[in-house]
Amino acid sequence: MADRERIGIREKILAAFVVLSLIPLVFLGAVSSYEMGRVGKRSVEESTDALESQAETHLRDIARDKAGFSDGFFLGIRKDATMLQSYASDLFTNRDRYGRPAYPAFRYATNLAANLPAYGYLNTSAGEGNGSWADWDHRLASSPYLNRSVVSKAASDPVYASWVSAEMNSTMLLDKMLAPTYERNKPNVVATWFVRSGGPSTSYQEPPLDWGAQIASGKVTADWDESSEEYFRAATPGRDPARKPVWIDPYYDTVGNGWIISCVAPVYAGPEFIGVIGIDVTLDVVVAEVLEVSVLGTGHAFLINSAGDAIAHRDLVAAMGASDGNPVPITSLETASPQFSSALARMRAGEKGLQKVVYSDGKGYHLAYAPVPSTGLSLGVVIPVDEVSRPVRDTQDEINSLTSTTIYQVVAIDAVAIVLAVVLGMAVAGRIVRPIKRLSDLAAKIGTGELDEKMFDSGELNVETELTDRPDEMGELARSFEGMINSIREDIRKTPKSEIKIEIKDSVISRSFTDMGADSKDTLKKEMEGETAGVGAGGEPVEVVEMKDAAVSGAVVSRGQLSTGAPAMSICPYCGKELNFPKPPRFCPYCKERLH
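Residues numbered from 1 in each chain as written. Predicted model: local features only at pLDDT ≥ 70, side-chain atom pairs only at ≥ 80, totals over all residues. Heavy atoms only, no water.

1. Re the sheet that holds strand S9 (residues 300-304)
Here is step 1 of the chain: Overall, antiparallel pairing links the 5 strands, which are arranged S10-S9-S13-S12-S11 in an open sheet. Edge positions in the sheet fall to strand S10 (310-312) and strand S11 (353-358), since each has one partner strand and no second. This sheet shows a mean twist of 35° between the axes of neighbouring strands, independent of strand direction.
Here is step 2 of the chain: As paired strands, S9 and S10 are joined by 2 bridges and run antiparallel to one another. Bridge pairing links Leu303 to Ala312 in S10.
Here is step 3 of the chain: Where helix H10 (residues 338-348) meets the sheet, it contacts S9, S11, strand S12 (364-372) and strand S13 (377-384), and its direction lies at approximately 155° from that of S11. (Pairing = 2+ DSSP bridges. Helix = DSSP H or I, 4+ residues; strand = E, 2+ residues; numbered from the N terminus. Axes fitted to C-alpha atoms, helices over the stretch in contact; angles between N-to-C directions. Contact = heavy atoms within 4.5 Å.)

2. Details of the pattern of salt bridges
Here is step 1 of the chain: Tallied over the full model, the rule gives 11 salt bridges.
Here is step 2 of the chain: With a closest N to O distance of 3.4 Å, Arg148 and Glu128 form a salt bridge. Separated by 20 residues along the polypeptide, Arg148 in helix H3 (residues 148-156) and Glu128 in the loop between strand S1 (121-122) and strand S2 (133-134) bring together distant segments of the chain.
Here is step 3 of the chain: When salt bridges that share partners are traced, they join Asp61, Arg64 and Asp65 into one network. (Salt bridge = Lys/Arg side-chain N within 4 Å of Asp/Glu carboxyl O.)

3. A closer look at the packing of aromatic side chains
Here is step 1 of the chain: On inspection of all chains with the given rule, the structure shows 16 aromatic pairs.
Here is step 2 of the chain: Residues Tyr268 and Phe273 carry aromatic rings whose centres are separated by 5.6 Å and whose planes lie at 70° to one another, so their mutual orientation is edge-to-face. Each member of the pair Tyr268 and Phe273 is classed as buried.
Here is step 3 of the chain: One aromatic cluster is present, built from ring pairs that chain together Phe302, Phe340, Tyr359 and Tyr365.
Here is step 4 of the chain: Over the ring of Tyr160 we find Lys153, and its NZ or CZ is 4.4 Å from the ring centre.
Here is step 5 of the chain: Across from the ring centre of Tyr268, 3.8 Å away, lies the NZ or CZ of Arg243, which sits over that ring. (Phe/Tyr/Trp six-rings, centres within 6.5 Å; stacked < 30°, edge-to-face > 60°. Buried < 20%, exposed > 50% of the residue type's maximum accessible area, 1.4 Å probe, protein only. Lys NZ or Arg CZ within 6 Å of the ring centre and 35° of its normal.)

4. Overview of helix H7 (residues 283-290)
Here is step 1 of the chain: Residues of H7 that are buried: Leu283, Val285, Val286 and Val290. The buried residues of H7 occupy an angular sector of 155° when the element is viewed end-on, so they sit on one face. (Arc of directions from axis to C-beta.)

Shape descriptors only; they carry no functional weight alone.
Rendered as structure tokens:
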């Protein structure tokens, strides 16, 4: 009760202003933050689904488009290989139709190879190249070559030498197609070539193939037989009975073109297998032209054959160098996880599709794949799942940042609002409390009962004009209070001082008679006789007997009753209500004033 009484009107008004201003702001801030978070979460979820769906569609399109582009690239090379195949087969089948080639007018003056064409000569220098035949000083368009064993046999067998010479003359006619095919496809194509079964070969490239440098560097030997290489054997009747151009898995080019893949085709003269004609493409070109993929920055593509070995991959060259040229499984370049192996099986079967794959590092990837029909290969496109969701994460971070900023702004606004509420509350409270305090002070002075004309004349009990002039309820209260003070002033002026003393005594008596004994009452009677002797209405004395009877009866006697001699009654001296109780109360039940 005491703590509650210490909380004044000013504090209550301030608290009301703070609470009433803070609650809406806090509510608004909470609702805003909640809605932003809810909308942000929903947007992120919807965006994630939309982006994943879009990414999957995009990946399918990329795989399909890249497979189509790759197919077109390889198909173009294959068509040129088919054209070379047709020309060479017709040349060797219908040799007489093509006439005699325009041999060079010059003849080498020294080191002529007996029974061999006059436009080449033997390497008679000491060392590995001794005994091999070629166009060592590059006077011809292409780079023909005969190894040491063929030259040695030609020297000892005139019939064989005549056959070799005729075949080399026919090879000269192939330049009419090898050169244009190379020029049309460069820089994607690094060489066009023909290897005759039995040893003779020729190659067209820029710059011309330098057999001397190749032999001197040890890349080839004078006894090197190209018909023993995989790119020749892959097109032999036993390996390619359909006589169609085929693609060779990556291998390291013996004559210095690096890691390449080749499209090779068998050449027949009627039913007789003549040799193999081919076109070489470097892996760098395949990666740059076929596998170049830009998908959100880190996506990449790869090619595999039906065995699951890598044909083209951004890391294939380094991997093949480490494996000494052996085939590299794609699983060693990507991952051997079950999900990837499952997708790989479908790729090897020539299917197309899309699958999420978890790599050995625990990260998720999207894998889209499609076949490359003209080659029997399959192309795959890989992109990390994180790359797909990165825009969503960026959006989520932005939403979180905005939400945090909003919360900070709401807190700042709340703080400013509290300060403003306190300032405004103090102003309003002061306007309300100051007049109440003034009236309360006046009421306290009046409540002491020590009123006289001097106090009224000094202005201590005057109500300020500022209060009485107010048009609101406070002004009405001030004017009422002023009227009450004026009424009291008039009563005091009209009432003799002796009666004022009696009124004060009456109040004392009313609060004490109930607890007095007989002796005390007699004493009080004598006191009253002395105080009230000769005082009455119109200056007539009041009978002491009446005072005695009233005191003995326990009644409270008012000033008017003593003056007029009216019957005594139990009456509250403050509000004038009758107090008919067996025992006089300590407080008036009506006005709550203390009686004794």
